[in-house]
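# Working through the structure, step by step
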Amino acid sequence: MFPFVFPPQFRFIDLLAHAHRGGFDPSWFDGPIELDFTRLRFAGPGAMACIKALLARAQRRQPDIRCMVTHELQDPVRYIARMDFFTDDLRWDMPGAQFDFVRRESAGRFMPIRNLRFLRETDPASLETVRCFNVPDRRIANTLQYALSELSDNALQHAGSATVAFVAAQRYPKTGEVHFTI
C-alpha cells in the first residue's frame, strides 16, 4: 500500500516541495493507494489537479488499483469534492460517511478539475476559466480565453500521456488572485 498523508496546507508549491524531497508518483507503486485527508485544512486547486492527474496515470498503468480515502469530512474535503476531485473517472474506496454537502454553483469563483481529452473541450474549459478572472472588458476576456485555450491545446497535443491534461482554476476575492493550473 502507498500511503500519502496530506499536510494541513496543501498548495501547488507544497506539492513541488514534496516532490523535491523524494516525490509523489503513485504510478511507481503496486497495490492500493491511501489518501489521508484527516490533517488537511487548506487544499489548493492546482495541487489537487496534479494529484488527480497522477492518480489517473497510476490507474491507467494498473487498472485494478483503488484509491482509499480517509477523512473527517472537514471543509477542505468538501471543497475538493466540489472541485470534482472524487469523480467516477477514478476508482475510490470511500469511508461509510459520504459527503453530505449541498453542491453550490461556482458563482464564477472556480472551475472544477477537468480532464481534457480532446481539443474540442479546450474552448469551453477556457471560457469557464475566464469567468474566474472576472474581467469586465470583453476584448481582454476574449484575448485571455484565446491564450488559455492555446495553452490547453498545447498541453493536449504535446503531453505524450494517455491521461492527457487536467485543468483547474480558483479566484480568491480577498487577494484578487486567480490560480490556474494545466
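Quick caveat: nothing in here was measured; it's all calculated off a predicted structure.

## Things to note about the sheet that holds strand 3 (residues 33-36)
One open sheet accounts for four strands, arranged 1-3-5-6; its pairing is parallel. A strand with exactly one partner marks an edge of an open sheet, and here the two such strands are strand 1 (2-5) and strand 6 (92-93). Direction of pairing for strand 1 relative to strand 3: parallel, over a ladder of four bridges. Following the sheet pairing, Phe4 is matched in strand 3 by Leu35. Against the sheet, helix 2 (residues 45-61) contacts strand 3, strand 5 (67-70) and strand 6, and its axis sits at roughly 160 degrees relative to strand 3.

## Concerning the packing of helix 4 (residues 122-133) against helix 5 (residues 138-158)
Pairs of packed helices are described in terms of their axes, by the angle between the two and the distance that separates them. Across the interface, helix 4 lies against helix 5 with an axial gap of 8 Å and an inter-helix angle of 135 degrees. Between helix 4 and helix 5, the interaxial angle falls into the category oblique. In terms of crossing hand, the pair formed by helix 4 and helix 5 is right-handed. Contacts from Thr122, Asp123, Ser126, Leu127, Thr129, Val130 and Phe133 in helix 4 reach Arg138, Ala141, Leu144, Gln145, Leu148, Ser149, Ser152, Asp153 and Leu156 in helix 5. Per-class residue counts for the contact of helix 4 with helix 5 are seven nonpolar, six polar and three charged.

## Things to note about the nonpolar core
With 34 residues, the main nonpolar core has Phe37 and Phe85 as its most contacted residues. Taken together, the elements giving at least two residues each to this core come down to strand 1, strand 3, helix 2, strand 5, helix 3 (75-82), strand 7 (110-116) and strand 8 (165-172). A per-element tally of this core places helix 2 first, with eight residues. In this structure Phe37 touches Phe6, Met48, Val69, Thr70, His71, Gln74, Val77, Ile80, Phe85 and Phe86, once residues within four positions along its chain are discounted. Formed by ten residues, the second largest nonpolar core is a distinct cluster that contains Met111, Ala155, Ala165 and Val167.

## Brief notes about the confidence of the model for the protein chain
On average, residues of the protein chain score 81 in pLDDT, and 83% of them are at 70 or above. Per-element mean pLDDT across the protein chain ranges from 69 in helix 1 (residues 12-20) up to 92 in helix 5.

## A short note on the packing of aromatic side chains
The tally for this structure, following the rule as stated, stands at nine aromatic pairs. When the centroid spacing of 5.9 Å and the interplanar angle of 80 degrees are considered together, the rings of Phe37 and Phe86 count as edge-to-face. One end of the pair, Phe37, is in the loop between strand 3 and strand 4 (42-43); the other, Phe86, is in the loop between helix 3 and strand 6, with 49 residues separating them in the sequence. Assigned by exposure class, Phe37 and Phe86 land together as buried. Consider the rings of Phe86 and Trp92, whose centres lie 5.1 Å apart with planes at 75 degrees: the pair is edge-to-face. Just as Phe86 is buried, Trp92 falls in that class too. Feature note: the residues Phe4, Phe6, Phe10, Phe37, Phe85, Phe86 and Trp92 constitute an aromatic cluster, connected by ring pairs. Over the ring of Phe118 we find Arg120; its NZ or CZ atom is 4.4 Å from the centre of that ring.

The rules we used
Residues numbered from 1 in each chain as written. Predicted model: local features only at pLDDT ≥ 70, side-chain atom pairs only at ≥ 80, totals over all residues. Heavy atoms only, no water. Pairing = 2+ DSSP bridges. Helix = DSSP H or I, 4+ residues; strand = E, 2+ residues; numbered from the N terminus. Contact = heavy atoms within 4.5 Å. Axes fitted to C-alpha atoms, helices over the stretch in contact; angles between N-to-C directions. Parallel < 35°, antiparallel > 145°, perpendicular 65-115°, else oblique. Left-handed = near helix turned anticlockwise from the far one by under 90°. Nonpolar A, V, L, I, M, F, W, Y, C, P; charged D, E, K, R; others polar. Core = buried A, V, L, I, M, F, W, Y, C linked by side-chain atoms within 4.5 Å. Buried < 20%, exposed > 50% of the residue type's maximum accessible area, 1.4 Å probe, protein only. pLDDT = per-residue confidence, 0-100. Phe/Tyr/Trp six-rings, centres within 6.5 Å; stacked < 30°, edge-to-face > 60°. Lys NZ or Arg CZ within 6 Å of the ring centre and 35° of its normal.

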